[in-house]
Amino acid sequence: GDSVTQTEGLVTLTKGLPVMLNCTYQTTYSPFLFWYVQHLNEAPKLLLKSSTDNKRTEHQGFYATLHKSSSSFHLQKSSVQLSDSALYFCALNSGYNKLTFGKGTVLLVSP
Amino acid sequence: NSKVIQTPRYLVKGQGQKAKMRCIPEKGHPVVFWYQQNKNNEFKFLINFQNQEVLQQIDMTEKRFSAECPSNSPCSLEIQSSEAGDSALYLCASSLSSINTEVFFGKGTRLTVV
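A quick note: this is a predicted structure, and the numbers were derived from the prediction, not measured.

*Asks:* Would you mind going over the pairing of strand E8 (residues 62-65) of chain A with me for this structure?
*Replies:* Within a regular strand, side chains alternate between the sheet's two faces. Residue and element names in this part refer to chain A. Covered by surrounding structure in E8 are Phe62 and Ala64 together with Tyr63 and Thr65, the residues of both alternating faces. In the sheet, strand E7 (residues 56-59) pairs with E8 via 4 bridges, with the strands oriented antiparallel. Opposite Arg56, over in E8, you have Thr65 as the bridge partner. Taking the residues that link successive antiparallel strands as the turn, the E7-E8 hairpin has 2 residues, and the phi of Gln60 there is positive, at about 55 degrees.

Dropping the structure here:
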């Protein structure tokens, strides 16, 4: 079946530094990948999505490129802010819009 | 702000008790999902509907959970006989279609089974 792997459980960074959160996936279908962000006691919100190979997608300073050759969709930002502290999930559309999620990465940004 | 409305935000039940939570999907969204997010933040898909029809559900959902999305009423998820392991955040989500469209989440109902 479909699966999504996020290798970092926790990433701690100082404000202003760059970040990359890893995401790889396995599926037998045409991949449609998402990044969701969940702040404490808030609903998960869509950050980025892509189904186009090798095309960078950007939103709110975050960006990611779907690479079908390596089954990856890593999330990056060039300069993290305190408000970026949250839980980040990579997800794969597994049919009927059902999402298969990775285990999530907690990003903690310190002053 | 989330346009998927879930009630109640918090629910405390004893083991063996019924637990029921509700969800109003975003207006115009016929596809509704329920996910369970455990204490380790891991998501488990439970069931999804298109209008009133079930599209997919997992075994657990068939056995102890029941869910429905009646027309003109909130969707609901009910656990017949709560167990300690059911303690989790239950997230409802909705989308405009069942094919590659954005899925919008509510803030969830946090169930604690004591």
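*Asks:* Explain the interface of chain A and chain B here, please?
*Replies:* By a widely used convention, the size of an interface equals the accessible area lost when the partners come together. If you look at the interface, chain A gives 18 residues, while chain B gives 27 residues. In total, about 2000 Å² of surface goes out of reach between chain A and chain B, with carbon and sulfur atoms giving 56% of it. In terms of surface lost to chain B, no three residues of chain A exceed Tyr96, Asn97 and Lys98 of chain A, which account for 31% of the buried area on that side. Between the two partners, chain A and chain B, sit 2 salt bridges. One salt bridge connects Glu42 of chain B with Lys103 of chain A, and the closest N-O pair in it is separated by 3.8 Å. The tally of links between chain A and chain B comes to 8 residue pairs in polar contact (both at pLDDT 80 or more).

*Asks:* Just to check I follow, could you spell out unusual backbone geometry for this structure?
*Replies:* The bulk of non-glycine residues show a negative phi, and the bulk of peptide bonds are trans. All names here are of chain B. Omega for the bond connecting Thr7 with Pro8 falls within 30 degrees of zero, at -10 degrees, which places this linkage in the cis form. If you trace the backbone, Pro8 turns up in the loop between strand E1 (5-7) and strand E2 (10-13). Here the phi dihedral of Asn72 falls at roughly 65 degrees; this positive angle occurs in a residue that is not glycine. With respect to the element layout, Asn72 can be found in the loop between strand E7 (65-68) and strand E8 (75-79).

*Asks:* Teacher, can you tell me more about the layout of surface pockets here?
*Replies:* Approximately 460 Å³ is the volume found for the largest pocket. Leu40 of chain A together with Gln37, Asn41, Leu89 and Arg110 of chain B are, among the 25 residues lining the largest pocket, the residues nearest its centre. Of all the secondary-structure elements, those providing two or more residues to the lining of the largest pocket are strand E10 (86-93) and strand E12 (105-110) of chain A together with strand E9 (88-95) of chain B. The biggest single contributor to the lining of the largest pocket is E12 of chain A, with 3 residues.

Criteria and cut-off values
- Residues numbered from 1 in each chain as written.
- Chains lettered and ligands numbered in written order.
- Predicted model: local features only at pLDDT ≥ 70, side-chain atom pairs only at ≥ 80, totals over all residues.
- Heavy atoms only, no water.
- Buried < 20%, exposed > 50% of the residue type's maximum accessible area, 1.4 Å probe, protein only.
- Helix = DSSP H or I, 4+ residues; strand = E, 2+ residues; numbered from the N terminus.
- Pairing = 2+ DSSP bridges.
- Contact = heavy atoms within 4.5 Å.
- Buried area = accessible area lost by both parts, 1.4 Å probe.
- Salt bridge = Lys/Arg side-chain N within 4 Å of Asp/Glu carboxyl O.
- Polar contact = N/O pair within 3.5 Å; in protein donor to acceptor, adjacent residues only side chain to side chain.
- 1 Å grid on protein atoms, 1.4 Å probe; cavity = no way out; pocket = protein on both sides within 12 Å on 5 of 7 lines; lining within 4 Å.
- Points joined across faces, edges and corners; volume = space filled by probe spheres on them.

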